[in-house]
Every structure is written in structure tokens, then in C-alpha cells.
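# Descriptive analysis of the structure
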Amino acid sequence: MSTEAMDVPKGFSFDLCRRNEMLTKKGLKSPGYLKTGTTIVGLIFENGVILGADTRATEGPIVADKNCEKIHYMAPNIYCCGAGTAADTEAVTDNISSQLKLHRYHTGRESRVVTALTLLKSHLFRYQGHVSAALVLGGVDVTGPHLHTIYPHGSTDTLPYATMGSGSLAAMAIFESEYREGLTRDEGVNLVTKAICSGIFNDLGSGSNVDVCVITKGKKEYLRNHLTPNPRTYISSKGYTFSKKTEVLLTKITPLKELVNVVQVGGDAMEE
Amino acid sequence: MVSSQNESNLLSSEGDSQRTQYPYVTGTSVIGIKYKDGILMAADMGGSYGSTIRYKSVERLKQVGKHSLIGASGEISDFQEILRYLDELILHDNMWDDGNSLGPKEVHNYLTRVMYNRRNKFDPLWNSLVLGGVKNGQKYLGSVSMIGVHFEDDHVATGFGNHLARPILREEWREDLTFEEGVKLLEKCMRNLLYRDRSAVNKMQIAKITEEGLTISEPYSLKTFWNFAAFKNPTVGAEGSW
């Protein structure tokens, strides 16, 4: 290890970006990103917030994951849907989720949605749009229900209903024509499901199933695969049989306790 | 766009510049649906010059002959040219004086050929057209794009209407819509476009064509709703936030 004082550079290092640009100019085909061409939505109903998302993850023209989870946990009372590059949405929500937990330990209070909002938008702004994450953040805290959209460059909006992703126009068409204030829980869930289905069936980047998350004061319901409108149509009724099973020639079980002597000498077994 | 760059290198010199590269004055979406008695079509009356809404009384729905109705989005001057071609077509058809008249299917086919042949010469008419009509009790609704893509369907939309109106039409269109229901459905789609398309204006016309004939409504506006609590007070619970 070098003994000189190392100046850790702060912020995003753009060196590799220059290298990548040079390589692209020379003709290197850059690897595709795993994008969640997506439909994500959120709406505020009378008692809280409902978030919805489809479950298709695409890598160019191929469906990489038929049933991925796009509604990410941020805090017990806050969830976040993510569209854009899958790694970016996953990493950024995980990061801010742990920051929120540390903050909860520090303050002894329930996290607020605006806290998550500010942490996310500062992070994304710092990376100047290179972190390709478009988020719909929703939750209920002491100040009431909140719903926000966050764009990759760091701008945010506070809205009664919001959609993001490639299927956002299809979903927004449903919201704009049918959203009212003061929806009940069931009406809200139905509207969210309808909007996601509109994205699933009218947008090529979205598909498979509908995930829904209902957040109210003190309670949350994560309805994974609330609706599965794309079941596998043709399944062989006979099932699949394999002619030759794997033969078991020998069974030998060695309990590990016999191999290691565990000696407890009083005090903490871990103290060493 | 990319193709025109290539062909300007391959083909002749600077002097040959009579090709359409980009549109100037454009109209936004047109939506058409079949209903019980015929065809309903809606379009707003805006003509945008880039990002300015320059003209607010552009009629983008026009009658063609006895049986058809055309709606156009895209370059307005190219639409006016298309209307002149159609005028000549209908005139020659009338001159035959044989009791027969061109129906919507024939006009649609003619438009497809015109658009496709212009595109092949790298000089497209920069429009997306919706052609609808009723002849001998048969309803017909079709669409042609500027590159010659054409098809016939129960409900069509151009431009932004493809993204915002078609999901609604796919959910809610039925074979036996009455006139009132059809108008309500079109207004629902147009309201959506008014909220979410930046080049939409709140002044629209709806045209109806049936076996009896064609009526294009007077221009009117849609009511919009802006009174959501989150719009009026977005920073409730977080004073000083934005």
C-alpha cells in the first residue's frame, strides 16, 4: 500500500465515460443495459396511497425477466416503483432505504416521504442524469399521504396521480379519464390495475403481471401478482416425464459436529 | 431524416433541393371511430408552427365526394395539396356521369398510392390521414401514413392519439355505439389529448358521416378540471419544499 496521503476524489468520476466514448467511435458495440421498459403508476385515494407496476424486464427486444419486482421497499410506510435501468433503480432505492433506516435509529421516529424524496433527488442530481432511474415514490407518514415522481436528472413533482415508464401514456390515458378525488380502496386498486393493464396490453416494453401496493396509516399491503392476465396458454396436459431417473448408488451422511470440537469456556463464545 | 442525409450524398448536387425534409405548420392528432350508423371523427383546430400555436381555426376534417370524410394531421400545406388531388379525382369521377361514385374504400386506396409513390421519391406528403365513410350501408374506416402504411380498422388515431387515445378506444369501443355514446367517447379521448399533448388546442370539431350524408359540427371547447388538492397545495406537510 502506498504511504502517500491519498486524496479520495469526491463525486462521480467521469474518466471511464471518455474511454467508452472513444471505444464507441472506434466501432465497439457497447453492451445493452437491462432496462425495465415499464409501466409504473401511483395514486392517492381517501386513506392513503396505492402504487402499481407491471413485471416485465427487457434487454433490448428480449424479455429478460417475466416476473421481476418493480415496487421497492424504502421504509415500513414508504414504497417506491422504479423505471429505467434495472440496476440503477435497485441500487438507488436500496441505498436510500438504508440511509432512511439509519435516520430512523438516529431520530427515533417514523420516516417521512419528503425525506426519502430529498435523499433520492439529491443523489440523482449529483449524478447528472447518468443514473437512469425514473421513480414513483409513495407513502403515508404523520403529515398524511404523499405521492411524488422523480426524474433521472433529479427533478420532482407532487401529484394526485402519476405514471412513469414507456407505458406511461397508455396508463395516463386511463387516469386522466377516470381519476376522482376521494376514491375508496377497492375503486383505487381497480383503477390502478386498469391503468397497468392498459400499459401491459398497449405498450411493448411492459407485460406479464400486475403488482399492487396499498399503503395506509400504520398499515401496508403488498399484493404481489395481484392480477395475472397473461397465463401460459398451452401446457402439455400429460405433464413432462423423463424416461430414466438418476440412480442412487450410495448414501453417506457425516454430521459436522463430530469433526469440530466446540468448547465453551464461559463468557461470550464470540469473544476471542 | 437519416435517409434524406444519405440520398443527398448519393444523388445529385446542391441545386436539387425540392424535397420535403421537415414539416412547418402542423396539425396534431385525428381520432376516428365506427359507430352504429356510420363514422365519427374528431380533430382540433390548431395549426402549430414549431412550438408556437400559430393558427387556431384550421379545419382538418373535410368532405370528399358523396360518401367519404378525410381528416389529416401533419403538414397543413400538404393536406391542402391532397385536397386538390382529391378534388380532381372526384371531378373526373363525376364527369363519367354513370350513376356510380367513388366510395371510401376507393378513395383510401387512391390516397395510399399517392402517399407511397411520393415516399419512394424521397419527397413525402408529410401527413397522417384518416379516411372514413359509408357506401351502400357498408361502413369503412382506414388510415394512411406519410410513408404509405395503410390499414382498415374499427377505430384509428394519428400522432399522439396513438399513445393516448387508442388504449381508451381498445377498452371502451363497441360495435353498437349510439351517436351520443360515440361523441362522449371521442370527447373523452380529446380531453386526454388536451391535457397531455402540448400541441393540442381547446377548440375542436366532430364530424359524422352516415348513409344519409355528412355533418361537420361547429367548433366548440371541452371542459377541463384542475381542482385537485395536490395541484392547489403540493407542499402540504413539507413547508418550503418544491
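Residues numbered from 1 in each chain as written. Chains lettered and ligands numbered in written order. Predicted model: local features only at pLDDT ≥ 70, side-chain atom pairs only at ≥ 80, totals over all residues. Heavy atoms only, no water.

Take the overall build of chain B next. In terms of regular secondary structure, chain B is built from seven helices and 13 strands. C-alpha extents for chain B along the principal axes are approximately 70 × 55 × 30 Å. Restricting to contacts in chain B with at least 6 residues of sequence separation, those with at least 24 account for 64%. Accessible surface, chain B: about 13000 Å² in total, of which carbon and sulfur atoms supply 50%. With 28 positive and 31 negative side-chain charges, chain B shows a separation of 5 Å between the mean positions of the two kinds. (Helix = DSSP H or I, 4+ residues; strand = E, 2+ residues; numbered from the N terminus. Contact = heavy atoms within 4.5 Å. Areas by Shrake-Rupley, 256 points an atom, 1.4 Å probe, with all protein chains shown as cover. Lys, Arg positive; Asp, Glu negative; His and termini not counted. Charge placed at Lys NZ, Arg CZ, Asp CG, Glu CD.)

Once that is clear, we can look at the interface of chain B and chain A. Taken residue by residue, the interface counts 22 residues in chain B and 22 residues in chain A. Approximately 1900 Å² of surface area, both sides summed, lies buried where chain B meets chain A, with 61% of it carried by carbon and sulfur atoms. In this assembly, chain B and chain A are joined by two salt bridges. Between Glu 176 of chain A and Arg 196 of chain B there is a salt bridge, with the nearest N and O atoms lying 2.8 Å from each other. (Buried area = accessible area lost by both parts, 1.4 Å probe. Salt bridge = Lys/Arg side-chain N within 4 Å of Asp/Glu carboxyl O.)

Okay, the pairing of strand β2 (residues 40-44) of chain A next. Successive residues of a regular strand alternate their side chains across the two faces of the sheet. All names here are of chain A. The element β2 is largely enclosed, with a buried count of five among its five residues. One ladder, built from five bridges, connects β2 with strand β3 (residues 48-54); its direction is antiparallel. If you follow Leu 43 over to β3, its bridge partner there is Ile 50. Counting the residues between successive antiparallel strands, the hairpin from β2 to β3 contains three residues. (Buried < 20%, exposed > 50% of the residue type's maximum accessible area, 1.4 Å probe, protein only. Pairing = 2+ DSSP bridges.)

Residue and element names in this part refer to chain A. This chain's UniProt record puts "active site" (unreviewed entry) on Thr 38. Residue placement: Thr 38 occurs in the loop between β1 (35-36) and β2. On the basis of relative accessibility, which here comes to 0%, the residue Thr 38 falls in the buried class. Beyond its immediate sequence surroundings of up to four residues, Thr 38 is in contact with Asp 54, Lys 70, Gly 82, Ala 83, Met 164, Gly 165, Ser 166, Gly 167, Ser 168, Asp 203, Gly 205 and Ser 206. Engagement of the side chain of Thr 38 in a polar contact is seen with the side chain of Lys 70, the distance being 3.1 Å. (UniProt positions renumbered as here; feature names shortened; annotations may be inferred. Polar contact = N/O pair within 3.5 Å; in protein donor to acceptor, adjacent residues only side chain to side chain.)

All names here are of chain A. Applying the stated criterion across every chain, the model contains eleven aromatic pairs over all chains. With a centroid separation of 6.0 Å and 15° between ring planes, the pair formed by Tyr 79 and Tyr 222 is classed as stacked. Of the two residues, Tyr 79 is situated in strand β7 (residues 78-85) and Tyr 222 in strand β13 (residues 219-227); the sequence distance between them amounts to 143 residues. Under the relative-accessibility criterion, Tyr 79 is labelled buried at 7%. A centroid spacing of 6.0 Å and a plane angle of 75° characterise the contact between Tyr 161 and Phe 175, whose relative ring orientation is edge-to-face. (Phe/Tyr/Trp six-rings, centres within 6.5 Å; stacked < 30°, edge-to-face > 60°.)

We now examine the pattern of salt bridges. Counted according to the given criterion, the structure contains 20 salt bridges over all chains. In this structure, Asp 154 of chain B engages Lys 34 of chain B in a salt bridge whose closest nitrogen and oxygen atoms are separated by 3.7 Å. Residue Asp 154 of chain B is located in the loop between β10 (150-152) and β11 (155-157), and its partner Lys 34 of chain B is located in strand β2 (residues 30-34); the two are separated by 120 residues in the primary sequence. A salt bridge links Asp 153 of chain B to Arg 166 of chain B, with the nearest nitrogen and oxygen atoms 3.7 Å apart. Taken together, the positions of Asp 153 of chain B in the loop between β10 and β11 and Arg 166 of chain B in helix α5 (residues 166-172) put the pair 13 residues apart, joining distant regions of the chain. The class of Arg 166 of chain B is buried, set by a relative accessible area of 13%. Where salt bridges share partners, they join Glu 178 and Lys 194 of chain A together with Glu 172 and Lys 188 of chain B into one cluster.

With that out of the way, let us pick up the confidence of the model for chain A. Confidence along chain A averages 87 in pLDDT terms, with 90% of residues attaining 70 or more. Below a pLDDT of 50 lies the segment residues 1-5 of chain A, which in the model reaches zero contacts outside its immediate sequence neighbourhood of four places, other chains included. (pLDDT = per-residue confidence, 0-100.)

Time to look at the sheet that holds β13 of chain A. Residues and elements named next belong to chain A. Ordered by their spatial adjacency, five strands build an open sheet running β11-β2-β3-β12-β13, and the pairing between neighbours is antiparallel. Since the sheet does not close on itself, it has two edges, and those belong to β11 (161-164) and β13, each with one partner. Geometrically, the sheet is characterised by an average inter-axis angle of 10° between neighbouring strands, direction not taken into account. Contacting β2 and β11, helix α4 (residues 168-178) runs over the sheet at an angle of about 165° to β11. (Axes fitted to C-alpha atoms, helices over the stretch in contact; angles between N-to-C directions.)

So, on to the side chain of Thr 193 of chain A. Residue and element names in this part refer to chain A. Within the element layout of this structure, Thr 193 appears in helix α5 (residues 185-202). Only 2.6 Å separates the side chain of Thr 193 from the backbone oxygen of Val 189, close enough to count as a polar contact. For Thr 193, the residues in contact, after removing those within four places along its chain, are Val 210, Val 212, His 226 and Leu 227.

Backbone hydrogen bonds are what pair the strands of a sheet, in a parallel or an antiparallel way. Residues and elements named next belong to chain B. Strand order in this open sheet of five strands is β11-β2-β3-β12-β13, and the pairing throughout is antiparallel. The strands lining the two open edges of the sheet, one partner per strand, are β11 and β13 (214-216). The average undirected angle you get between the axes of adjacent strands in this sheet is 10°. Pairing of β2 with strand β3 (residues 38-44) involves five bridges; the strand directions are antiparallel. Each residue of the ladder has a partner; that of Ile 31, found in β3, is Ala 42. The strands touched by helix α6 (residues 179-196) within the sheet are β2, β3 and β12 (204-210), with β3 carrying the most contacts at an inclination of about 25°.

Let us look at the environment of Arg 109 of chain A. All names here are of chain A. Among the secondary structure elements, Arg 109 is positioned in the loop between α2 (86-107) and α3 (113-126). Relative accessible area serves as the criterion here: at 58%, Arg 109 is assigned to the exposed category. A sequence separation of 118 residues divides Arg 109 from Leu 227, and the C-alpha atoms of the two residues are 35 Å apart.

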